[in-house]
Amino acid sequence: MKAVVWHGVGDIRLDDVEQPTITDPNDAIVRVTRSAICGTDLHFVRGTMAPMVEGTILGHEAVGVVTEVGDAVRGFSPGDRVIIDSTVSCGACRYCREGHTAQCDVANPNGPDAGTSFFGGPASTGPVDGLQAEYVRVPWARNTLHPLPDTVSDDQAILLSDIYPTGWFGAELAGVRRGDTVAVLGAGVVGQFAIASAFQQGAARVIAIDHLEDRLAQALAQNAEVVDFSREDPVAVVKELTNGIGVDAVIDAVGVDAQHAAHGPAAPDAEQAAAFEAEVAQVAPDAAPQGDQWVPGNAPSQAARWAVEMVAKYGRIGIIGVYAPTVETYPIGAAMLKNLTVRMGNCDHHSVTPPLIERVAAGLFDPTALITEREPVTDAIAAYEAFDRREPGWLKVELTTGS
């Protein structure tokens, strides 16, 4: 079968690989009908999330049909349409039973202290082969799959595998309350769903910060107020828009591949630019850009700094943009002086996703407007390259199989 396989930093290929089989009684095999490319996948190719294991299949978003289940899998049968959670969880340990499924004690083969296990990730997360393939093996299927109602299409469902739940989780981490003014750093697809989720959780105003016109236009279409950091100082604008107070909450949907302004009032001075360069060297020492391809963000801590600066005293920050374990720079002193609450982490997909499935099934929200590209899995490498270069319009890439 065809699958997108990581071979090294800057080196991914569409390979012919063996079709997966049941290796544990808790497994299921799913025929994939939709998968997708996520910004997190780009971290692995750019070298900002390491170490990866050569030969790992990429991807952590998929929808499909169950073809086989292990003897210990109850509640699912061949023929069931399902969403695959991006994170793997057993459903029986202490953390799963509390709804904190991203920190399942059992799912990660590296042990309970290793943290989240997710599909298509680095060595520390398993590794577990990912979902950009024609067929996939799903460990701990009883808790890593969700049944799909007939009223939810595959196109809607693919956004329920990770992106919509992660945006919702980001708003929860930021403690969004009725009447809040919320800033969302990053208007990529995770940021777009964070905007939608903040409004759905009661925010009165959402301010989106980015520098790409198509992303800002999409945020504006969701009734967010938009700030282009290549033209304006986002901290100064946010303060101006909030009578000097700052926002009540910030959702950081950028993470380690943040970029600083190249010009304008928000551009770093020489000293700060040098500090950012040192951060990049620490975070992505093996990065080897190929021209404008696979280039890491040039300011790993930029979003974190802006978040602390633009939130009000006693404000709240939720971080869902991915930061690698090698990131060690955070403005903790400034956050402490403002009595901030900072929460972060990987989405607890199994507990977050079911109400969102119901919301989409009921017609309360249709996420499909945020799918901007639909490509066959056979064109996945070209799609990765265009998405990595942030080509205009490439907000969310859905991959379809021939089956």
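Residues numbered from 1 in each chain as written. Predicted model: local features only at pLDDT ≥ 70, side-chain atom pairs only at ≥ 80, totals over all residues. Heavy atoms only, no water.

Points about the nonpolar core
Among the nonpolar cores identified, the biggest contains 45 residues, and L160, Y164, V182, F193 and I251 are the most heavily contacted of them. Of all elements in the fold, only α4 (154-158), α5 (163-173), β8 (181-185), α6 (189-200), β9 (205-210), β11 (247-252) and α12 (349-361) reach the threshold of two or more residues within this core. The leading source of residues in this core is α6, at seven residues. Residues contacting Y164, with those up to four places away along its chain left out, are L159, F193, S197, Q200, L356, R359, V360 and F365. Of all hydrophobic cores here, the second largest spans 27 residues; its members include V30, V73, I84 and F119. (Core = buried A, V, L, I, M, F, W, Y, C linked by side-chain atoms within 4.5 Å. Buried < 20%, exposed > 50% of the residue type's maximum accessible area, 1.4 Å probe, protein only. Helix = DSSP H or I, 4+ residues; strand = E, 2+ residues; numbered from the N terminus. Contact = heavy atoms within 4.5 Å.)

Digging into the environment of I163
Position of I163 relative to the elements: it lies in helix α5. Along the chain, I163 and Y323 lie 160 residues apart, while their C-alpha atoms are 17 Å from each other. Those residues within four positions of I163 in sequence are excluded, and the remaining contacts are C38, E61, V189, V190, F193 and K396.

Things to note about α6
Compared with the 16 Å implied by 1.5 Å per residue over twelve residues, the 16 Å span of α6 between its first and last C-alpha is a close match. Burial analysis of α6 places ten of its twelve residues in the buried class, the great majority of the element. Those residues of α6 not exposed but buried are V189, V190, G191, Q192, F193, A194, I195, A196, S197 and A198. On the buried face of α6, the contacting elements are α5, β8, β9, α7 (213-221) and β11. (Expected span 1.5 Å × (residues − 1).)

Describing the pattern of salt bridges
The final tally for this structure, using the stated rule, is 18 salt bridges. Residues R46 and D388 are paired through a salt bridge, measuring 2.8 Å at the closest nitrogen-oxygen approach. Taken together, the residues R46 in helix α1 (residues 39-46) and D388 in helix α13 (residues 380-388) connect sequence positions 342 residues apart. If you follow the salt bridges from partner to partner, you end up with R34, D155, R374 and E398 in one network. (Salt bridge = Lys/Arg side-chain N within 4 Å of Asp/Glu carboxyl O.)

Here's the deal with the pairing of strand β4 (residues 62-69)
Pairing of strand β3 (residues 28-37) with β4, which is carried by seven bridges, proceeds in the antiparallel orientation. Bridge pairing in β4 places R34 opposite V63. One ladder, built from four bridges, connects β4 with strand β5 (residues 81-84); its direction is antiparallel. Counterpart to V63 in the pairing with β5 is I83. (Pairing = 2+ DSSP bridges.)

Details of the sheet that holds strand β12 (residues 311-319)
Within the open sheet, the six strands sit side by side as β10-β9-β8-β11-β12-β13. Their pairing is parallel. The two strands at the open ends of the sheet, each matched to only one other strand, are β10 (225-228) and β13 (341-344). Within the sheet, the average angular offset between the axes of one strand and its neighbour, ignoring direction, is 20 degrees. Pairing between β12 and β13: four bridges, direction parallel. (Axes fitted to C-alpha atoms, helices over the stretch in contact; angles between N-to-C directions.)

Quick look at the packing of α5 against α12
In the contact formed by α5 and α12, the axes pass within 9 Å of each other and the chain directions differ by 110 degrees. As summarised for this structure, α5 and α12 are arranged roughly perpendicular, according to the angle between their axes. Of the two elements, α5 crosses α12, and the hand of that crossing is right-handed. From α5, Y164, P165, T166, W168, F169 and E172 reach across to α12, where they touch H349, V352, T353, L356, R359 and V360. (Parallel < 35°, antiparallel > 145°, perpendicular 65-115°, else oblique. Left-handed = near helix turned anticlockwise from the far one by under 90°.)

Topic: empty space enclosed by the protein
In total, this model carries one cavity of 30 Å³ or more according to the counting rule given. Its volume calculated, the largest cavity comes out at about 30 Å³. Around the largest cavity sit E279, Q282, V283, P300, S301, V327, E328 and T329, which together line it. Each residue belonging to the lining of the largest cavity can be placed in one class, and the counts come to three nonpolar, three polar and two charged. (1 Å grid on protein atoms, 1.4 Å probe; cavity = no way out; pocket = protein on both sides within 12 Å on 5 of 7 lines; lining within 4 Å. Points joined across faces, edges and corners; volume = space filled by probe spheres on them. Nonpolar A, V, L, I, M, F, W, Y, C, P; charged D, E, K, R; others polar.)

A short note on the environment of V189
Turning to its location among the elements, V189 is positioned in helix α6. Sequence separation of V189 and L395 is 206 residues, and the distance between their C-alpha atoms is 5.8 Å. Beyond its immediate sequence surroundings of up to four residues, V189 is in contact with I163, L370, L395 and K396.

Things to note about α12
For α12, spanning 13 residues, the distance from its first C-alpha to its last is 18 Å, which sits close to the expected 18 Å at 1.5 Å a residue. All buried positions along α12 are accounted for by H349, V352, T353, L356, I357 and V360. The buried side chains of α12 occupy one side of the element, clustering within an arc of 135 degrees when seen end-on. Backbone geometry just downstream of α12 places G363 in the positive-phi region, at approximately 80 degrees. (Arc of directions from axis to C-beta.)

Remarks on the side chain of T353
Among the secondary structure elements, T353 is positioned in helix α12. A polar contact of 2.8 Å, which involves the side chain of T353, links it to the backbone oxygen of H349. Ignoring sequence-local partners within four residues, the contact set of T353 consists of D85, H146, L160 and P165. (Polar contact = N/O pair within 3.5 Å; in protein donor to acceptor, adjacent residues only side chain to side chain.)

Overview of the environment of V254
Position of V254 relative to the elements: it lies in the loop between β11 and α9 (270-283). Remark: the alpha-carbon pair of V254 and G167, spanning 87 residues in sequence, is separated by 12 Å. Residue contacts for V254: discarding those within four places in its chain leaves L185, G186, A303, G321 and V322.

Some remarks on the side chain of D348
Structurally, D348 is set in the loop between β13 and α12. Put simply, D348 is tucked away with no salt bridge, and the nearest opposite charge, on R343, sits 7.4 Å away. Beyond its immediate chain neighbours, meaning those up to four positions away, D348 contacts G99, H100, T101, A102 and F169. (Lys, Arg positive; Asp, Glu negative; His and termini not counted.)

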